[in-house]
Amino acid sequence: MTHIQRFNRIAHSELSDEGPSKSQRKRESHALQDLGEELVNLAKDALARVPMPENLERAVRDCRTITAHEGRRRQLQYVGKQMRTLDEREIEAIQRALDVIKGVSKAETAKLHALERWRERLLAKDEALTELLAQHPGADAQQLRTLIRNARREQAAQKPPKAFRELFQVLKDLLGTGAAATETSDEADNDLPEFPTREDD
């Protein structure tokens, strides 16, 4: 369940003529606090893609620079305070942006795992290189053979994995994962919501 789902469920539960109860308000506050902390923990490029008002953005960015435990804790509380000034549409816009970013991250992670599996197969059996070259005839066969041979030697001698890492980069370039990830990210940017503009009171 996302933070906004939690917030909405809490906001629409326990309703009475007297308004939300103290415990309900506390749960709403915690849900927004968690959402604010999620913003603080985002990667820098991902944070730049989340629509938010200037006061919240400043609070989040300030929190990211604080390393002292107590100082960071107090700033996180301040981020939560700024979250509580938002209306429901603004909170939903932030949550939708986070959902898009998480989706991109999952796609990129899956691609990296696919590269890791190829590298494992190449190091485990020679037939894997034949299969790879058949799928990508433009690949530099000699470079791949050299990297595979050197990576196997590194593993056997328990040496630093220089060729092992180079092999991963060559596979990344060959299989177009970097370009694909960028394309996916660009498409995701198009899905990001605009931050709602409040009407003047």
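Numbering of residues starts from 1 in every chain and runs along the sequence as written. pLDDT decides what is reported in this predicted model: residues at 70 or higher carry local features, side-chain atom pairs at 80 or more are listed and counted, and totals for whole chains, interfaces and linings draw on all residues regardless. With hydrogens and water excluded, all non-hydrogen atoms of the structure serve as input to the side-chain values.

Asks: Sorry, what's going on with the pattern of salt bridges here?
Replies: Whenever Lys or Arg places a side-chain nitrogen within 4 Å of a carboxyl oxygen from Asp or Glu, that contact is recorded as a salt bridge. The tally for this structure, following the rule as stated, stands at eight salt bridges. The partner of Arg89 in a salt bridge is Asp87, with the nearest N and O atoms 3.9 Å apart. Since its relative accessible area comes to 42%, Arg89 is described here as partly exposed. The exposure class assigned to Asp87 is partly exposed, which follows from its relative accessible area of 25%. The rule is simple: take the accessible area with a 1.4 Å probe, protein chains only, and divide by the maximum for that residue type; under 20% is buried, over 50% is exposed, in between is partly exposed.

Asks: Sorry if this is basic, but what is going on with helix α8 (residues 141–157) here?
Replies: In an α-helix, one turn spans 3.6 residues; hence positions three or four apart end up facing the same way. A helix here means a DSSP run of H or I that spans at least four residues, while a strand means a run of E at least two residues long, and both kinds are numbered starting from the N terminus. By this rule the span expected of a helix is its residue count minus one, scaled by 1.5 Å. Taking 1.5 Å per residue, 17 residues should reach 24 Å; α8 reaches 24 Å between its end C-alpha atoms and fits that length. Residues count as neighbours in contact if any of their non-hydrogen atoms are within 4.5 Å of one another. Elements in contact with the buried residues of α8: α6 (88–124), α7 (127–135) and α9 (162–175). Side-chain atoms alone can form a polar contact between residues adjacent in sequence; in general such a contact is a pair of N or O atoms within 3.5 Å, and within protein one must be able to donate a hydrogen while the other accepts it. With a side-chain oxygen positioned 3.3 Å from the backbone nitrogen of Gln142, the residue opening α8 is Asp140. Of the residues flanking the end of α8, it is Gln158, one or two places downstream, whose phi is positive at about 55 degrees.

Asks: Looking at this model, I keep getting lost on the side chain of Gln33. Mind explaining?
Replies: By the element assignment, Gln33 lies in helix α2 (residues 22–40). Given the relative accessible area of 19%, Gln33 is considered buried. For Gln33, the residues in contact, after removing those within four places along its chain, are Leu76, Gln77, Gly80 and Arg84.

Asks: I'm lost on the nonpolar core in this one. Help?
Replies: Among soluble globular proteins, nonpolar side chains are generally buried collectively. Nonpolar cores were defined as sets of buried Ala, Val, Leu, Ile, Met, Phe, Trp, Tyr and Cys residues, with membership established by side-chain atoms within 4.5 Å. Formed by 22 residues in total, the largest nonpolar core has its most connected members in Leu39, Val50, Leu56, Val79, Met83 and Ile94. Those elements that provide at least two residues to this core are α2, α3 (44–47), α4 (54–65), α5 (69–83) and α6. When residues of this core are assigned to their parent elements, the largest contribution, five residues, is made by α6. Once you skip the residues sitting within four places of it in the chain, Val50 turns out to touch Leu39, Leu42, Ile94, Ala97, Leu98 and Ile101. Residues Leu115, Ala151, Phe168 and Val170 belong to the second largest nonpolar core, which totals 19 residues.

Asks: Sorry if this is basic, but what is going on with the side chain of Arg119 here?
Replies: With respect to the element layout, Arg119 can be found in helix α6. Look past the residues within four positions of Arg119 in its chain and what remains in contact with it is Phe164, Arg165, Leu167, Phe168 and Leu171.

Asks: It is not clear to me how the packing of aromatic side chains should be interpreted in this structure. Could you clarify?
Replies: Two aromatic rings, drawn from Phe, Tyr or Trp (for Trp, its six-membered ring), form a pair once their centres lie within 6.5 Å of each other, and the interplanar angle then sorts them: stacked below 30 degrees, edge-to-face above 60, tilted otherwise. Under the defined criterion, the tally for this structure stands at zero aromatic pairs. Note on geometry: a ring has a charge over it if NZ (lysine) or CZ (arginine) is within 6 Å of the ring centre and within 35 degrees of the ring normal. Of note, Arg119 hangs over the ring of Phe164, and the distance from its end group to the ring centre comes to 3.6 Å. The ring of Trp118 carries the charged tip of Arg121 above its face, separated from the ring centre by 4.5 Å.

Asks: Where do I start with the packing of α4 against α5 in this structure?
Replies: A pair of packed helices is captured by two measures, namely the crossing angle of their axes and the spacing between those axes. Running from N to C, α4 and α5 point in directions that differ by 165 degrees, and their axes come no closer than 9 Å. The angle between α4 and α5 places the two elements in the roughly antiparallel class. As α4 runs across α5, the sense of the crossing is left-handed. Residues Asn55, Leu56, Ala59, Val60, Asp62, Cys63 and Arg64 of α4 pack against Arg72, Gln75, Leu76, Tyr78, Val79, Gln82 and Met83 of α5. Under the scheme applied here, ten amino acids are nonpolar (Ala, Val, Leu, Ile, Met, Phe, Trp, Tyr, Cys and Pro), four are charged (Asp, Glu, Lys and Arg), and all others, including Gly, are polar. By residue class, the composition of the contact of α4 with α5 is eight nonpolar, three polar and three charged. To obtain an axis, a line is fitted to C-alpha atoms, over the contacting stretch when the element is a helix, and the angle between two such axes runs from 0 to 180 degrees between their N-to-C directions. Roughly parallel means an angle under 35 degrees; roughly antiparallel means over 145; roughly perpendicular covers 65 to 115; every other angle is labelled oblique. Rotating anticlockwise by less than a right angle from the far helix to the near helix defines a left-handed crossing, while the corresponding clockwise rotation defines a right-handed one.

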